[in-house]
Every structure is written in structure tokens, then in C-alpha cells.
Amino acid sequence: MWFFARDPVRDFPFELSPEPPEGSPPGPWVLHRGRKKTTGSLVSIFVYDVKPGAEEQTQVAKAAFKRLKTLRHPNILAYIDGLETDKCLHVVTEAVTPLGVYLKARAEGGGLKELELSWGLHQIVKALSFLVNDCSLIHNNVCMAAVFVDRAGEWKLGGLDYMYSAQGNGGGPPHKGIPELEQYDPPELADGSGRAVREKWSADMWRLGCLIWEVFNGPLPRAAALRNPGKIPKSLVPHYCELVGANPKVRPNPARFLQNCRAPGGFMNNRFVETNLFLEEIQIKEPAEKQKFFQELSKSLDSFPEDFCRHKVLPQLLTAFEFGNAGAVVLTPLFKVGKFLNAEEYQQKIIPVVVKMFSSTDRAMRIRLLQQMEQFIQYLDEPTVNTQIFPHVVHGFLDTNPAIREQTVKSMLLLAPKLNETNLNVELMKHFARLQAKDEQGPIRCNTTVCLGKIGSHLSASTRHRVLTSAFSRATKDPFAPSRVAGVLGFAATHNLYSMNDCAHKILPVLCSLTVDPEKSVRDQAFKAIRSFLSKLESVSEDPTQLAEVEKDVHAASSPGMGGAAASWAGWAVTGVSSLTSKLIRAHPTAAPAETSVPQRPVPEGLPAPAPTPVPAMPTTSGHWETQEESKDTEEDSSAADRWDDEDWGSLEQEAESVLAQRDDWSTGNQASRAGQASNPGHRSQESDWSSWEAEGSWEQDWQEPSPPEPPPEGTRLASEYNWGGPEPSDKGDPFAALSVHRETGAQSRRDSWGDDNWEGLETESRQVKAELARKKREERRREMEAKRAEKKAVKGPMKLGTRKLD
């Protein structure tokens, strides 16, 4: 039987790269790039080929192999694996680049910043301090060729070939025999007598001075060049001069050199060095210190090197979130560092953490994620959004914190294009219906309407037909004036999604009722919208052949490119309007709520005017809302789409801020009639009713009316009984139509094609309201009778016992 000897090099778990060696340092070793066979991870492989007659060099190489294998320090080249045979030595370390090659490559891109150089030199000096003070070892080879840089920009000390013990064990320093290395020897070694009094670190500190000179000025031509500091920073020059002084006795210990450079105003006293030092000790820091560090970190990341952020800061951020309970403070620096990653790295490192964060119950975490969703939404695929993110995000619609509800609404603008049919057209519409009808915060109702107008083009055709008209119609009846403006702008932004019949029979009647709104901003937007829709109707009337072209998007499938006006409106929701709700919540949270009258809609004749709505006035940053009059457009375009693209969509916040202060002649006449009803206890405002509604939305509920409508005259047909020529009603229930309000003028009841819904709930509520009014009348009658009896007793006076009645 034959046995074949196994080749140890072939069985070695690492393989050399076919690329030529990169910048091998002077000496017996040749540096190669390599990778691990099983994982493909990059490494560096130092190779020494044993040659006949070079026993001394072989012994030096084997000693370096042993030293590197046993020495472990963050600033010394990290040993991974090794192979020793009769023919060669292989030493595998972390993937590094020689410092000379690294500086040359960075010089082509503008060179290294002083921050990077200060931290790199700090690491080398710290490694020397470890060798001299802790291990009593003399490196004996500190130079540019002995320093390497890893992928994070960290400097590592290598070149341990000529190291020896400072205590004299094992003989003196080994012979180098390489002129390129001997030029870094201090002048006292050239004496040869050994009579010069020096410390054990004196020679290495001289070589450190040579390294500093080469880092800032390039290769050292001769020892005499050290007298000229050249480009060495002024803050470092005094300490550099101590290193290259002729008297070896005055050269500082590496630990003292670090202390001097870290003094106030020193070369190594900067934010970058402090950040690195904190990261090295982050595992033993207190939680409060970590929180403060991460809060301040994002401000400094812009000035830090990109490689440092990717390979050193990012792992620490991920570790702090996974195991350190850092919480929401890591989000801002995490997403800032994420900008330096490519798409594949982002998917591997950031997205799993983001998905896990969405399941957190920490409110600070959730609101930070929603606020910064724009930075990572592009890296999320649709299955991840629908199965792992959206189910957690929708909980924000039911949160008791208004700021979270508002941010959840705004985040739908980014999530909508990635939602599936069920989540977008069913689940999301249910939450929007409840928020628009029941949320007690006017700005949140307004933002819900705004968001619906922006994502309208992503909805299916049947959902658009059932939802948009009803939702925007209800918004025009909201007591909060900016919500009414948002309803008008919603019609305008989605004008291409309505048929001509809907424009004439459903939309224009709603808009016309707003032409007498108490707020001028609402009236102005209503007039613009009316002119736009009328121009479309008129153009089709003049040329009926344009009908197909005008209605091409009505029954089209959902598409991100549909609705140019809605697309341009979308940019406003993300950046143009700041949160009114957040403003109100953040300002003076402990202030006592005051009573403020919210302007009501005009009430048709024949119905009693409701009382002004007393709602808690949230504290604001100023005493009054700023008064601002929106300027009218003097030029009208013939194209409706162009007109709405040019509209100033970012004025909604200004209109909201001016709603409580702006009053004109239209509203002045109505204030007296509204004030006359203020003391009537029989009427309740809609805004007050919203606060008492239950949390879950009901698709059969409608807007509460202040008083029951009068029944129409006998023989009058309802509008829903007529065939208006529109499309057949959908089998699905309309969540917005069931909650929408329809004002009745006089005895005529106006209803549209969604009048087939279940109205039994409304009739029941009407009977309950009538019963409540009757009960209140009986109570008032009883109090009147008691008051009359009390008056009679007061006139006659009581009869006292023991007294005599006088004639």
C-alpha cells in the first residue's frame, strides 16, 4: 500500500491572492493579500522563503513569528494563523496595508487630515508604551515600514523581527544588516562604545521622531534632515524636538509623551481622539455616559473619516443597540453612518436592526424611526414592509400621543407605494376614516386629508371611487379651517381621478357651499377649485371627443406616476409643512388649558346655529396666532393640471396659524348669530363630541349634527332615489361615506350615489336625540314649577309656633 505525504501548504485554510505583492517592507518578509477558503474573508499573509546559507535571517523570521503569535494588543498587528515548514513561513494577520502605500493613496485624494494623523500616531505611541512599560521589550525597528493600516484607518505596529528584551535576557539586539533600516538608529548607537547613558526607551523614541518626520514630510533622506521640522504641526513641534534631541537621557517615556500631547491645546487633544478612546472603553462605561456620547456623536460624524465611520463606529452602534440597551439615541448616528454604505451592506447591517426596532414599545424609538424613515425606505423591499413593518406601524394610529399619530400618518406617504392591496386599500383606509372623523386634534385630521390626497394615485380604481369624494367632502365640513382647506386642495390634487358626472353632481356642490365659508383662505381655495373644475366641464362640453382623454385616469389601475398634481403635492407633506400638533404639544406642556372658540361653518337657513365650540386651547409659542392674508392669484391658466402644479402647497401651515386671528367682513356678520346661541345648553359641538367617541372606528357612524334635521315634506323624493347617471355602486361598504356629513338646506335632503349605505344607525341616533331633548324640557319644566312654589313661600312667609296672628 502506498502512502502519499500531504502538502501542508495545500491544506492551509488560507490562500494567497493571485495579485502581485503590495508594498512589502524591507526585510525578510513579503506581504501578500489573501483570503480564507471557507468564508472568503480578506486577510494579509506575510511569507518568508527559507534559503540556504541564510540561517541568521531564518532565525530572525522565526523569532518574529513567535513574538507576533504571543503578543496581543489593540495597537499591535493582530495574528490570526500561521504555518511553519522547512521551506517557508506563513503568518496570517488581519487585512492591512503598509503605511507608506496608504499615505501615497490618500495623497492622491487630498491627503490625510490632522485628525487622522493624530489618532494614528497616538496608537503607535500607545503600542510602544505597552512594549516598554508593560513587557520590558525594545521594538528596535520603529519606522514607516513597520506600521500598517487596517480597513478602519487604524494604525498597527508590526515589524517585530529585531525585538529584544530590555532586561538583557537572550543577548543584545539582533543584527539587521539592512541599510534602509539602519538609518533610523539613534546617533549614540554609532558610537559603539556603549558609554552613553540612556533609558531603555531612548532608541525607540528617536525612531518615533523619525516616523513623525516621515509622516508629514515624506521619506527621510538622511539623519541631518531631522533638524528641520518641515510640515510638522506647530502644536507637535516642541514634543518632536524632545524625541530627536542628541541627549538620549531627556527623551520622554512613551506614556509621558502621550500625556504631553493630550494636554489642552496639544496635537492629540481633539474630538476624534476622544471619540476613539471612548469607543475603546465603551463596554465599561456607565449607561448615562453612553447616552450622552451617542447624543453628541452625530454632530461629529461629518468631520470623521468615512472608513472610520463604516468599520469602527457602525459596529459599536449595532452592538450598543443589540446588547447595551442604548435605545433611540443610536438612531441618528446609525442612519448618518448608513449613508456611507452601499446597498448590499445596508441590507446586511442596517435593515435587520431597523426591522427589529419597529417592534419596540419605546415611544421615543418609534417616533424617531417614523421621522427618519425617508433615509432607509428605499432599502426596504415590499414583503418586509407588509409583513414585518406595517403591522407594527399601524399601532401608531391608535396611540394616545398625538405626535406619534401624526408621524404615523405622514409615514404612510413613504410606505404606500410598497403596501399590498389589502394593507393599502382596506387596513389603511379604515384607520384614515377613523382619524379623519374622530381624532380630537384638528391638525391630525388635516394631515390625514393631506396624506390621502397624496397617496390617492396608489389606490385601486374601486377604492378611489368609493373613498376620495366622500373623504374630501367630509373634510370640507370640519370645524378646523385648515382641514377644510386640505379638503379643497385634495379635490384639486386628484382632479384627474374623477369622472365628469362626479365633478358636476358631487364635487362642485360641495365646493360651492364653501364660497360662503367664514374663513377667507377657505373661500379663496374654493373659488380656484371651482374655476378649475368648471374649465374641465366646459372644455368637454365644447368638444365631447375630449371626454375619453380627460377621464383616462379614472378607471386606470393604481400607478405611482398618475396624478401630476398629487405627485408635486407629495413633496410638501415631507418637507414643506412642519407639524402643528408637535408645535402645540412641545410648547409649555404644563400650562392649563383655556377655552377657545373655534370658527364654525355657516349654517343653512332653517336650522339652529350651533354654539361656538369650546376646545382646550393648546399652549403655543406665542400668545396669538400670526395673522397672514394669502395673496390671490392674478393669472389663470387654461390647463387645470398646470394650475394646481403651480399652486403654493406649502401655505397650509400659515393658514392654520392665521385661522384664530384672521376675521373679515364675511365672518363678522355671522359672529353675532353664533354668539346668540353660545348659551344654549341644548346644542353640542362636533369638536366636543369627538372627544367622547370610542377609539375604534365604526363604518356605520356619521358626523354628529347639533340638532335633528326636519323631515322633508310629504311626497318629496330623496336624491338617492334618482339615477344620476354615475357608475353602479360598489358592493363594498364605503368607510368614508358612512361617516360623512351632508348639510340639508330647508326641507330638501341632498344625497349622492353613496346613499345606499345603512342609515338605520342615523335614525336611531335621531330618536335618541329627540328623547334627550324631551327629557331636558321636562327637567326645565320641573325646575320652573319648583321656582314658582319657592316664590309663593317667600311672599307669605313661614308661620312660627307660639305666635299670634294679627288682624
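Residues numbered from 1 in each chain as written. Predicted model: local features only at pLDDT ≥ 70, side-chain atom pairs only at ≥ 80, totals over all residues. Heavy atoms only, no water.

Counting its regular elements, the protein chain contains 32 helices and twelve strands. In the protein chain, buried positions account for 48% of the 807 residues. Once local pairs closer than 6 in sequence are excluded, the contacts in the protein chain between residues at least 24 apart make up 70%. Entry remark: accessible area of the protein chain is about 40,300 Å², with carbon and sulfur atoms responsible for 53%. (Helix = DSSP H or I, 4+ residues; strand = E, 2+ residues; numbered from the N terminus. Buried < 20%, exposed > 50% of the residue type's maximum accessible area, 1.4 Å probe, protein only. Contact = heavy atoms within 4.5 Å. Areas by Shrake-Rupley, 256 points an atom, 1.4 Å probe, with all protein chains shown as cover.)

Strand order in the open sheet formed by three strands is β6-β8-β9, with antiparallel pairing between adjacent strands. In this open sheet, the two edge strands, each paired with only one partner strand, are β6 (96–98) and β9 (155–157). Across the sheet, the mean angle from the axis of one strand to that of its neighbour is 40°, orientation sign disregarded. Relative to strand β8 (residues 147–150), β6 runs antiparallel, the two sharing three bridges. (Pairing = 2+ DSSP bridges. Axes fitted to C-alpha atoms, helices over the stretch in contact; angles between N-to-C directions.)

Every buried residue of helix α3 (residues 99–108) is listed here: L99, Y102 and L103. The arc that holds every buried residue of α3, seen down its axis, measures 95°, which confines them to one face. Opposite its buried face, α3 presents the exposed residues K104 and E108, each directed more than 90 degrees away. The inward-facing, buried residues of α3 abut β6, α4 (114–134), β8, β9 and α7 (202–217). (Arc of directions from axis to C-beta.)

Let us look at the pairing of strand β3 (residues 42–49). In terms of burial, β3 is largely enclosed, as six of its eight residues are buried. Two strands pair when backbone bridges link them, and strand β2 (residues 30–36) and β3 are joined in this way by six bridges, in the antiparallel orientation. Paired with H32 across the two strands is I45, which belongs to β3. The antiparallel pairing of β2 with β3 creates a hairpin that spans five residues between the two strands, and G40 there sits at a positive phi of about 80°. As defined by bridge partners, β3 adjoins strand β5 (residues 88–94) across seven bridges and the pair is classed as antiparallel. From the neighbouring strand, I45 faces β5, where its bridge partner is V92.

Applying the stated rule across the entire model yields 16 aromatic pairs. Here F272 and F308 contribute two aromatic rings whose centre-to-centre distance is 4.7 Å and whose plane-to-plane angle is 70°, an arrangement assigned as edge-to-face. Placement of the pair is F272 in helix α10 (residues 271–280) and F308 in helix α12 (residues 306–323), with a sequence separation of 36 residues. Note on accessibility: F272 and F308 belong to one class, buried. Between F397 and F432, the aromatic rings sit 6.1 Å apart at their centres with planes inclined by 90°, giving edge-to-face as the arrangement. Here F397, found in the loop between α17 (382–393) and α18 (402–415), pairs with F432, found in helix α19 (residues 421–438); they are 35 residues apart in sequence, far enough to count as distant. One aromatic cluster in this structure is built from F272, F304 and F308. (Phe/Tyr/Trp six-rings, centres within 6.5 Å; stacked < 30°, edge-to-face > 60°.)

Turning our eyes to something else, we now look at the packing of helix α21 (residues 461–475) against helix α22 (residues 481–493). Following both chains from N to C, one finds α21 and α22 inclined at 150°, their axes separated by 7 Å at the closest point. The orientation of α21 relative to α22 falls into the category roughly antiparallel. As for how α21 packs across α22, the hand of that crossing is left-handed. Together, T469, F472, S473 and A475 of α21 and S483, R484, G487, G490 and F491 of α22 make up the contact between the two elements. Within the contact of α21 with α22, the residues separate by chemical class into three nonpolar, five polar and one charged. (Parallel < 35°, antiparallel > 145°, perpendicular 65-115°, else oblique. Left-handed = near helix turned anticlockwise from the far one by under 90°. Nonpolar A, V, L, I, M, F, W, Y, C, P; charged D, E, K, R; others polar.)

With that settled, consider the sheet that holds strand β4 (residues 79–84). Strand order in the open sheet formed by five strands is β1-β2-β3-β5-β4, and the pairing between neighbours is antiparallel. Sheet topology places β1 (14–16) and β4 at the edges, where each strand pairs with a single neighbour. The mean inter-strand angle of the sheet, taken between neighbouring strand axes irrespective of direction, is 30°. When β1 meets β2, the two strands line up antiparallel, connected through three bridges. Opposite E15, over in β2, you have R35 as the bridge partner.

A complete count under the given rule lists 26 salt bridges for this structure. Residue E84 is joined to K62 by a salt bridge in which the shortest nitrogen-to-oxygen separation is 4.0 Å. Of this pair, E84 sits in strand β4 while K62 sits in helix α2 (residues 55–70), and the two are 22 residues apart along the sequence. Of the residues examined, E84 reaches a relative accessible area of 47% and is grouped as partly exposed. Among the ionic contacts, a cluster of salt bridges with common partners joins E779, R782, R783 and E786. (Salt bridge = Lys/Arg side-chain N within 4 Å of Asp/Glu carboxyl O.)

We now examine the pairing of β5. Across the seven residues that make up β5, a large majority, seven, are buried. Of the pairings in the sheet, the one linking β4 to β5 comprises five bridges and is antiparallel in character. The residue bridging G82 from the neighbouring strand is V91, located in β5. Hairpin connection between β4 and β5: a loop of three residues separates the two successive antiparallel strands.

To continue, consider the side chain of S165. Assignment of secondary structure puts S165 in strand β10 (residues 164–165). Judged by relative accessible area, S165 falls into the buried class, the value being 12%.

One turn of an α-helix holds 3.6 residues; hence residues three or four places apart share an orientation. Taking 1.5 Å as the rise per residue, helix α11 (residues 287–300) with 14 residues should run 20 Å; its terminal C-alpha atoms sit 20 Å apart, in good agreement. When α11 is considered as a whole, its buried residues turn out to be K290, F293, F294, L297, S298 and S300. (Expected span 1.5 Å × (residues − 1).)

Although it is not a glycine, S136 sits at a positive phi angle of roughly 55°. Residue placement: S136 occurs in the loop between α4 and β7 (137–138). With a phi angle near 65°, N140 is a residue other than glycine that sits in the positive phi range. The residue N140 is located in the loop between β7 and β8 in this model.

Note: predicted coordinates in regions of low pLDDT should not be interpreted at a detailed level. Per-residue pLDDT for the protein chain averages 74, and the proportion of residues at 70 or more is 68%. Within the model, the stretch residues 1–5 combines pLDDT values under 50 with zero contacts to residues more than four positions away or in other chains. In this model, residues 802–807 is a region of pLDDT below 50 whose contacts with residues beyond four sequence positions or in other chains number zero contacts. (pLDDT = per-residue confidence, 0-100.)

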